[in-house]
Amino acid sequence: TPPISPLSITFDGQTGTMSPEGPVLTRRMSDLAGLFADTAAWEAAVADGDPVVYQVASSPVPEAEGELPQSITTILPGTVAGEFHMTKGHQHPNPQGEIYLGLSGTGGLLLFDGERPQWIDMAPGVIGYIPPGWAHRSVNTGDEPYRFLAVYPGNAGHDYGWVLANGMGHRVYRGEGATPRFEPFTA
Ligand code: F6R
Ligand code: ZN
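Please read all numbers here as calculations on a predicted model, not as lab measurements.

Calculation criteria
- Residues numbered from 1 in each chain as written.
- Chains lettered and ligands numbered in written order.
- Predicted model: local features only at pLDDT ≥ 70, side-chain atom pairs only at ≥ 80, totals over all residues.
- Heavy atoms only, no water.
- Helix = DSSP H or I, 4+ residues; strand = E, 2+ residues; numbered from the N terminus.
- Rg over C-alpha atoms; globule rule 2.2 N^0.38 Å.
- Buried < 20%, exposed > 50% of the residue type's maximum accessible area, 1.4 Å probe, protein only.
- Contact = heavy atoms within 4.5 Å.
- Areas by Shrake-Rupley, 256 points an atom, 1.4 Å probe, with all protein chains shown as cover.
- Lys, Arg positive; Asp, Glu negative; His and termini not counted.
- Charge placed at Lys NZ, Arg CZ, Asp CG, Glu CD.
- Core = buried A, V, L, I, M, F, W, Y, C linked by side-chain atoms within 4.5 Å.
- Salt bridge = Lys/Arg side-chain N within 4 Å of Asp/Glu carboxyl O.
- Near = heavy atom within 4 Å.
- Polar contact = N/O pair within 3.5 Å; in protein donor to acceptor, adjacent residues only side chain to side chain.
- Nonpolar A, V, L, I, M, F, W, Y, C, P; charged D, E, K, R; others polar.
- Pairing = 2+ DSSP bridges.
- Donors = N, O, S within 2.8 Å, 3.2 Å for Na, K, Ca; no water.
- Tetrahedral: all angles 85-135°; square planar, octahedral: opposite > 155°, others 65-115°.

**Student:** What's the story with the overall build of the protein chain in this structure? I'm lost.
**Tutor:** When helices and strands are tallied, the protein chain shows 2 helices and 15 strands. Taking 16 Å as the expected radius of gyration for a compact globule of 187 residues, we find that the protein chain reaches 16 Å, a close match to that expectation. Taking the principal axes of its C-alpha atoms as reference, the protein chain extends roughly 50 × 35 × 30 Å. Here the protein chain, with 187 residues, has 44% of them falling under the buried criterion. Put simply, 68% of the contacts in the protein chain that link residues at least 6 apart link residues at least 24 apart. Taken as a whole, the protein chain presents about 8900 Å² of accessible surface, with 53% of it coming from carbon and sulfur. Averaged over its 9 positive side-chain charges, the protein chain has a centre that lies 3 Å from the centre of its 20 negative ones.

**Student:** I would appreciate a short explanation of the nonpolar core in the present structure.
**Tutor:** Nonpolar side chains tend toward joint burial in soluble globular proteins. Formed by 31 residues in total, the largest nonpolar core has its most connected members in Met29, Leu32, Phe36 and Tyr100. When sequence neighbours within four positions are dropped, the list of residues in contact with leucine 32 reads Arg27, Trp42, Val53, Tyr54, Met86 and Lys88.

**Student:** What am I meant to see in the environment of glycine 125 here?
**Tutor:** With respect to the helices and strands, glycine 125 occurs in the loop between strand S10 (117-122) and strand S11 (127-130). In the structure, glycine 125 is positioned 23 residues away from glycine 102 in sequence and 5.5 Å away in space, judged by C-alpha atoms.

**Student:** Got a minute to help me understand the pattern of salt bridges in this structure?
**Tutor:** A pair can form between side chains of opposite charge whenever their charged atoms are brought close. One pass over the structure, following the stated rule, counts 4 salt bridges. One salt bridge in this structure joins glutamate 83 and arginine 171, with 2.9 Å as the shortest N-O distance. Of this pair, glutamate 83 sits in strand S7 (residues 83-84) while arginine 171 is found in strand S14 (residues 170-173), placing the two residues 88 residues apart along the sequence. Residue glutamate 83 is classed as buried on the basis of its relative accessible area of 2%. As a salt-bridge pair, glutamate 183 and arginine 181 come within 2.6 Å of each other at their nearest N and O atoms.

**Student:** Mind showing me how you'd approach the site of ligand 1 here?
**Tutor:** Taken together, 18 residues lie around ligand 1, and Tyr54, Thr73, Gly89, Tyr100 and Tyr160 are the ones closest in. A distance of 2.9 Å is found between an oxygen atom of ligand 1 and a side-chain nitrogen or oxygen belonging to glutamate 98. Here histidine 136 contributes a side-chain N or O atom positioned 3.3 Å from an oxygen atom of ligand 1. When the free accessible area of ligand 1 is taken as 400 Å², the share hidden by the protein chains comes to 96%. Elements supplying a minimum of two residues to the shell around ligand 1: strand S4 (52-58), strand S5 (70-75), strand S8 (98-104) and strand S13 (146-151). Classifying every residue of the shell around ligand 1 gives 7 nonpolar, 8 polar and 3 charged.

**Student:** What is the right way to read the pairing of strand S9 (residues 107-112) from this model?
**Tutor:** Along any regular strand the residues' side chains alternate between the sheet's two faces. Extensive coverage of S9 is indicated by the burial of 6 of its 6 residues. Because side chains alternate across S9, one face comprises the buried residues Gly107, Leu109 and Leu111, and the other comprises Gly108, Leu110 and Phe112, equally buried. Two strands pair when backbone bridges link them, and S9 and S10 are joined in this way by 6 bridges, in the antiparallel orientation. Across the sheet, the residue bridging to glycine 108 is aspartate 121, located in S10. Where S9 folds back on S10, the antiparallel hairpin that results is connected by 4 residues, among which glycine 114 adopts a positive phi of roughly 100 degrees. As paired elements, S9 and strand S12 (residues 135-140) share 6 bridges and run antiparallel to each other. Along S12, the bridge assignment pairs leucine 110 with arginine 137.

**Student:** What's the story with the coordination of the zinc ion (ligand 2) in this structure? I'm lost.
**Tutor:** Note on metal sites: the ideal angle is 109.5 degrees for four tetrahedral donors, and 90 or 180 degrees for six octahedral donors. Binding of the zinc ion (ligand 2) to the protein goes through His90 (NE2), His92 (NE2), Glu98 (OE) and His136 (NE2), at separations of 2.1 to 2.2 Å. Angles of 72 to 176 degrees at the metal separate the 6 donor atoms of the zinc ion (ligand 2), which places the site in the octahedral class. Between the donor residues of the zinc ion (ligand 2), the gaps in sequence give the motif H-x1-H-x5-E-x37-H. With histidine 90 in the loop between S7 and S8 and histidine 136 in strand S12, the pair connects residues that are 46 residues apart, well separated along the chain. Of the two residues, histidine 90 and histidine 136, neither departs from the other in class, the shared state being buried.

And the structure:
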């Protein structure tokens, strides 16, 4: 991929769109196989319209060595048997850091290094830092869309199998009031 020219990107934190825009990825409930604890409730949701769980709108900056691609993720509100809507989660096989900036709604960043789960509350104006070697998943803990901007090294890569094999340390459920409830993940 040839290097991209300097550019200005306009984004709307209330709608999750970028201009100019690159690829937009849509993940439906059926794309999240094996991730929610309650398999029967997940199957019922797939059968009942297979709703969109999240979308990722990318800028035109390519995922190539030396570049710093950006994307805005929008996670729609909801649960599967009380477990909050979330991203698939991944490790960067090329261990490199990443930053998330909260744009709208409320959510959290679940991090796992294979031993210790960590949680960062995310809201507009909060930067969550993901150190190299920490798998990461985003969770919408509110009743409106949760949006964040991600900036990451273009050669970091995405390993989704690691999360299927190791989990994320915790599962995140709707709790009392605004506080999520965490349960240990058992594979
Ligand atoms: C990139 C990154 C985010 C996620 C996005 C969707 O390294 O961490 O842009 O890719 O939030 O989550 P996943 O990739 O886990 O489906
Ligand atoms: Zn990442």
